[in-house]
Amino acid sequence: MPRVHLPVLGAPLPALPRSPLTGEPAAADRDVLLDGQERRVRYLRVSVTDRCNFRCTYCRPADDPEFGARTELLTFEELERVVSVFARLGVRKLRLTGGEPTVRAGIVELVARLRRVAGIEQVVMTTNGHLLGRLAAPLVAAGLSAVNVSLDTLDAARFARITHAELAPVLEGIDAARRAGLEVKLNVVALADVNGDEIAALCRYAWERGCVPRFIEHMPMSAGALYEPGNELTAAQLRAAVEREHGALVPSAARRRDAGPARYWRLAKDAEREIGIISAMTEHFCGDCNRLRLTAAGQLHACLGHDDATDLRSILRNERTLHSVDAHLIDAIAASVRAKRPGHEFQRTGAGAPGKHMISIGG
């Protein structure tokens with residue numbers, strides 16, 4: 001694989017290169033990260049591995065997807081190169097995902113490298129929390145500012161059935177993350193017969209630790225194979241479950257709205273107690289989407305709900321583009337953003353599902 005020479009970190013950003021396809025400056029006649037619906041991309045989700053140490057029933061098919069060879073994963077140098085281009089185009093926030101990002105060897109080093117990229121203001125992570133007990137402090141030192149930790153239940157036996165893993169290390173990881181100074185949100189995939197009776201309890205657990213609970217409507221991925229229409233909990237049902245025990249909710253104006261897909265509510269009687277709901281199925285947020293997703297193998301997805309992708313890895317590893325990598329990346333990113341669709345096609349029957357698996361694209 002040819003060696004890619006990265007720009008010196010912290011050096012002044014060079015001008016955008018000329019397009020190898022048109023000869024014009026790559027961003028001269030368009031805002032590269034503004035799509036056809038006038039949505040501006042400022043947020044890149046980067047999957048750093050397709051592997052996970054959990055086997056969640058709603059995420060990972062029983063007939064395991066084949067993991068890619070390690071040589072197919074983007075190297076740290078390649079990830080840094082791609083992120084530097086996105087930063088020059090206007091991306092300011094990175095979310096590292098998986099699979100499970102903490103199982104990628106050298107994850108602390110990677111966080112440090114990406115946080116140093118000029119223009120990147122925030123590096124955060126979505127994790128199952130299993131390894132946070134020992135990684136939280138080093139990750140903070142490297143520049144990580146927040147984590148979203150998956151926590152679908154507080155019952156150890158139920159947790160084991162869902163994840164095929166132990167609950168205790170995750171709870172320890174959440175506490176370690178808070179001690180280290182990380183902002184923590186708890187992600188709960190809401191399923192009626194799995195954790196429908198725990199919604200209020202999960203809120204209480206989160207609030208007692210200074211965390212924000214976020215409830216996620218189950219989405220049909222993996223061609224709909226893992227989706228159960230009769231098991232859904234809608235955004236309205238989730239709010240009602242919280243209100244029954246904790247009191248009235250009102251929309252929260254405290255949290256920035258360009259940070260992701262969740263919509264936030266707070267208790268009317270206590271502004272410090274917030275919940276978030278990611279309601280892809282019943283209260284669509286596609287009109288506000290500001291995200292792109294990069295897989296661990298370098299495939300750029302403009303939408304979680306569609307299978308089409310743009311191959312950035314081939315640009316990074318093709319000798320013909322070696323001396324104009326950035327220009328080719330910018331053209332490919334621009335094409336992907338222009339093709340970004342108005343929304344997904346998820347249906348509450350399970351139809352409209354992409355074939356790709358959540359484990360391979362990042363939750």
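Here, the structure is the one placed above.
Parameters at a glance
Sequence order sets the numbering: in each chain, residues are counted from 1 along the sequence as written. Given that this is a predicted model, residues contribute local features only at a pLDDT of at least 70 and side-chain atom pairs are listed and counted only at 80 or more, while totals for whole chains, interfaces and linings are drawn from all residues. Excluded from the side-chain calculation are hydrogens and water; included are all heavy atoms of the structure. In this text, helices come from DSSP runs of H or I with a minimum length of four residues, and strands from runs of E with a minimum of two, each type numbered from the N-terminal end. Burial classification: accessible surface area is computed with a 1.4 Å probe over protein chains only, and a residue below 20% of its type maximum counts as buried, one above 50% as exposed, and the rest as partly exposed. When checking whether two residues touch, look at their non-hydrogen atoms; a contact exists if any pair is within 4.5 Å. Accessible areas in this description were obtained via Shrake-Rupley with a 1.4 Å probe; residue shielding takes into account the shown protein chains only. We count a salt bridge whenever a side-chain nitrogen from Lys or Arg sits within 4 Å of a carboxyl oxygen from Asp or Glu. We call two strands paired when DSSP finds no fewer than two bridges between them. Where helices are involved, their axes are fitted lines through C-alpha atoms of the stretch in contact, as for all axes, and angles between N-to-C directions lie from 0 to 180°. Roughly parallel means an angle under 35 degrees; roughly antiparallel means over 145; roughly perpendicular covers 65 to 115; every other angle is labelled oblique. Here a crossing is called left-handed whenever its near helix is offset anticlockwise from the far helix by less than a right angle, and right-handed whenever the offset is clockwise. When residue character is reported, Ala, Val, Leu, Ile, Met, Phe, Trp, Tyr, Cys and Pro are called nonpolar, Asp, Glu, Lys and Arg charged, and the others, Gly included, polar. Ring geometry is summarised as follows: Phe, Tyr and Trp rings, the Trp one being its six-membered ring, pair when their centres sit within 6.5 Å, and such pairs are stacked at plane angles under 30 degrees, edge-to-face over 60 and tilted between the two. Two conditions define a charge located above a ring, namely a distance within 6 Å from the ring centre to NZ of Lys or CZ of Arg, and an angle within 35 degrees of the ring normal. A helix is expected to span 1.5 Å for every residue after the first.

Peer 1: I tried to follow the overall build of the chain on my own but got confused; where do I start?
Peer 2: Secondary structure summary: the chain contains 11 helices and 12 strands in total. In the chain, which comprises 363 residues, the share counted as buried stands at 55%. Contacts in the chain between residues far apart in sequence, at least 24 positions, make up 73% of those at least 6 positions apart. About 15,300 Å² of surface is accessible on the chain, with carbon and sulfur atoms providing 50% of the total.

Peer 1: Please clarify how the pattern of salt bridges should be interpreted in this entry.
Peer 2: Oppositely charged side chains are able to pair whenever their charged atoms sit close together. Here the structure, examined in full by the defined rule, presents 17 salt bridges. When the shortest N-O distance is used, the salt bridge between Arg209 and Glu208 registers 3.7 Å. According to the relative accessible area criterion, Arg209 is partly exposed, its value standing at 29%. On the basis of relative accessible area, Glu208 is assigned to the exposed category, the value being 55%. Three or more residues are tied together by salt bridges with common partners; here these are Glu77, Glu80, Glu109 and Arg113.

Peer 1: What's the story with the sheet that holds strand 5 (residues 183-190) in this structure? I'm lost.
Peer 2: Spatially, the 12 strands line up as an open sheet ordered 7-8-9-6-5-4-3-2-1-10-11-12, and their pairing is mixed. Strands with a single pairing partner mark the edges of an open sheet, and in this sheet they are strand 7 (249-251) and strand 12 (310-311). Relative to strand 5, strand 4 (residues 144-150) runs parallel, the two being bridged by 5 bridges. Bridge pairing links Ala146 to Glu183 in strand 5. Packing of helix 1 (residues 76-89) onto the sheet brings it into contact with strand 1 (43-47), strand 2 (93-97), strand 10 (291-294) and strand 11 (299-301), and relative to strand 10 it is tilted by some 165°. The sheet contacts of helix 2 (residues 107-115) involve strand 2, strand 3 (122-127) and strand 4, and relative to strand 3 the element is tilted by about 150°.

Peer 1: I'm lost on the packing of helix 2 against helix 3 (residues 132-142) in this one. Help?
Peer 2: Any two packed helices are characterised by how steeply their axes cross, that is the angle between the axes, and by the distance between the axes. The interhelical angle for the contact between helix 2 and helix 3, taken along N-to-C directions, is 20°, at an axis separation of 8 Å. Viewed along their axes, helix 2 and helix 3 adopt a mutual orientation that is roughly parallel. The chirality of how helix 2 crosses helix 3 is right-handed. Along the contact surface, helix 2 presents Ile107, Val108, Val111, Ala112 and Arg115, while helix 3 presents Leu135, Pro138, Leu139 and Ala142. Classifying every residue of the contact of helix 2 with helix 3 by side-chain character gives 8 nonpolar, no polar and 1 charged.

Peer 1: Before we go on, may I ask you to explain the packing of aromatic side chains in this structure?
Peer 2: Under the counting rule described, the total for this entry stands at 1 aromatic pair. Where Phe54 meets Phe159, the ring centres are 6.0 Å apart and the plane angle is 85°; that geometry is what we call edge-to-face. Taken as a pair, Phe54 in the loop between strand 1 and helix 1 and Phe159 in helix 4 (residues 156-163) lie far apart in primary sequence, 105 residues in all. A cation over a ring is seen here: Lys93 above Tyr43, with NZ or CZ 4.8 Å from the ring centre. When the ring centre of Trp265 is taken as reference, the NZ or CZ atom of Arg239 above it lies at 4.6 Å.

Peer 1: Any chance you could explain helix 10 (residues 325-338) here in plain terms?
Peer 2: Residue pairs spaced three or four apart in an α-helix point in one direction, given the helix's 3.6 residues per turn. Between its terminal C-alpha atoms helix 10 stretches 20 Å, which fits the 20 Å expected from 14 residues at 1.5 Å a residue. Most of helix 10 is tucked away, with 12 of its 14 residues classed as buried. Along helix 10, the residues classified as buried are Val325, Asp326, Ala327, His328, Leu329, Ile330, Asp331, Ala332, Ile333, Ala334, Ser336 and Val337. On the buried face of helix 10, the contacting elements are helix 1, strand 10, strand 11, strand 12 and helix 9 (313-317).

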